[in-house]
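# Descriptive structure summary
For reference, the chains in residue letters:
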Amino acid sequence: MWRDWLLLAVFAPALVLEGILRPDLPWRVGAAAIALALLPTLLWRRTHPLAMVAIAFGVTTVVPFVLPGDPCDMVAAMYVLLLTYALFRWGSGRDAVVGSVFIAAKLVLSGVAGTISVVEVIAGFAVMFGVSALGVAVRFRASARARELDRVKLLERERLARDLHDTVAHHVSAMAIRAQAGIAASATQPGAAVDALRVIEAEASRALAEMRAMVRVLRRDQPADLAPSPRVADIEGLAGRFRAGPDVAVEIRGDVEDLPPSVGSALYRLAQESVTNARRHARHATRIEVSVATDDTSVHLRVSDDGESGAARPSSAPGFGLMGMMERADLLGGTCAAGPNPDRGWTVTAVLPRAGAPA
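Residues numbered from 1 in each chain as written. Predicted model: local features only at pLDDT ≥ 70, side-chain atom pairs only at ≥ 80, totals over all residues. Heavy atoms only, no water.

- Under the annotation held in an unreviewed UniProt entry, the chain carries the name histidine kinase and is attributed to Phytohabitans houttuyneae.
- Recorded in UniProt for the chain, the comment headed Catalytic activity (unreviewed entry) runs: "ATP + protein L-histidine = ADP + protein N-phospho-L-histidine." (UniProt positions renumbered as here; feature names shortened; annotations may be inferred.)

As structure tokens, then:
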């Protein structure tokens, strides 16, 4: 990562300058050279944290016993704290235990060799413990966020599966009705049976396409949602739903009648979530514009507000609501993105294929 190379670009000159300008440092040229040689361990601290800790702390433990100085006496050599942090942030439990042995051995043997005092040994253990605790805390937080994101994705997949389930059930019901009608009319009107077969064939093709798009079955520990799946036309209802707050204007352009139900439902969900987020986070917003436009291959959704882009809006990492929207769009082979406008406000854009084919 570029951040790792940036660390090298910062610490390397610092080590050189300290080796040149610090007269009280024993064997300063050699100590600086060894510290520089160990600096590349920062590049692999995420992928091989235990190995990097073993190399850095192993070398700095042996050096004071065979040479007249300790690289860790240098202030710029504090980069070894990043190795300790990485050990507990990205290493396994076994790595943390073994790496802790190397760290403790370094501190204890430095005290035995007399390079640091007993007070400094105790302080060193306290600092290393604090860095280790920080690594564990960040690791726990990252794991918790990853689990929450997985939960959001799973819920969105289940909602999409429920919508697809309702669609498939509709097609199967239509096939059953047409089959019954064809059987009843076949004795007196043979042509009606052929027409019924054509309708059944078309409905079966649609049902098969929807079933291929179904990503997983519904959860069995909750009752099924029997409400009809929303459509693109239902987006217009968002304009009159809210009595307070910014006005919601909806514009639908193009032919949206022949869109697959899965696409129509997804567009409504994306628009609904975007409007909800805008009303919740857009400070001093007076208007929210929802636009749906279609072409020969895709459907484009754009939700924009005129509020202030404050700290409450997502910046670097997407929130759980946006992550669910991105997951739903991706499952249908489309894209979804959000970001601030050049002047003010926030815009969510989504593009879905008209066919609703899964990615």
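## Let's talk about the sheet that holds strand E4 (residues 335-340)
- The strand order across the open sheet formed by 5 strands is E1-E2-E3-E5-E4, and the pairing between neighbours is mixed. Strands with a single pairing partner mark the edges of an open sheet, and in this sheet they are strand E1 (247-253) and E4. Going from strand to strand, the sheet's axes swing by 10° on average, the running direction of each strand aside.
- In this sheet, strand E5 (residues 346-353) lies alongside E4 in antiparallel orientation, the contact comprising 6 bridges. Paired with Ala-338 across the bridge in E5 is Val-348. (Pairing = 2+ DSSP bridges. Helix = DSSP H or I, 4+ residues; strand = E, 2+ residues; numbered from the N terminus. Axes fitted to C-alpha atoms, helices over the stretch in contact; angles between N-to-C directions.)

## Topic: the UniProt feature "transmembrane region" (unreviewed entry) in the chain
- With numbering matched to this structure, UniProt assigns "transmembrane region" (unreviewed entry) to residues 26-43, 50-68, 74-90, 97-116 and 122-142.
- Overall, residues 26-43 shows 61% helix and 0% strand. The separation of its end C-alpha atoms is 28 Å.
- Its end C-alpha atoms 27 Å apart, residues 50-68 is made of 89% helix and 0% strand.

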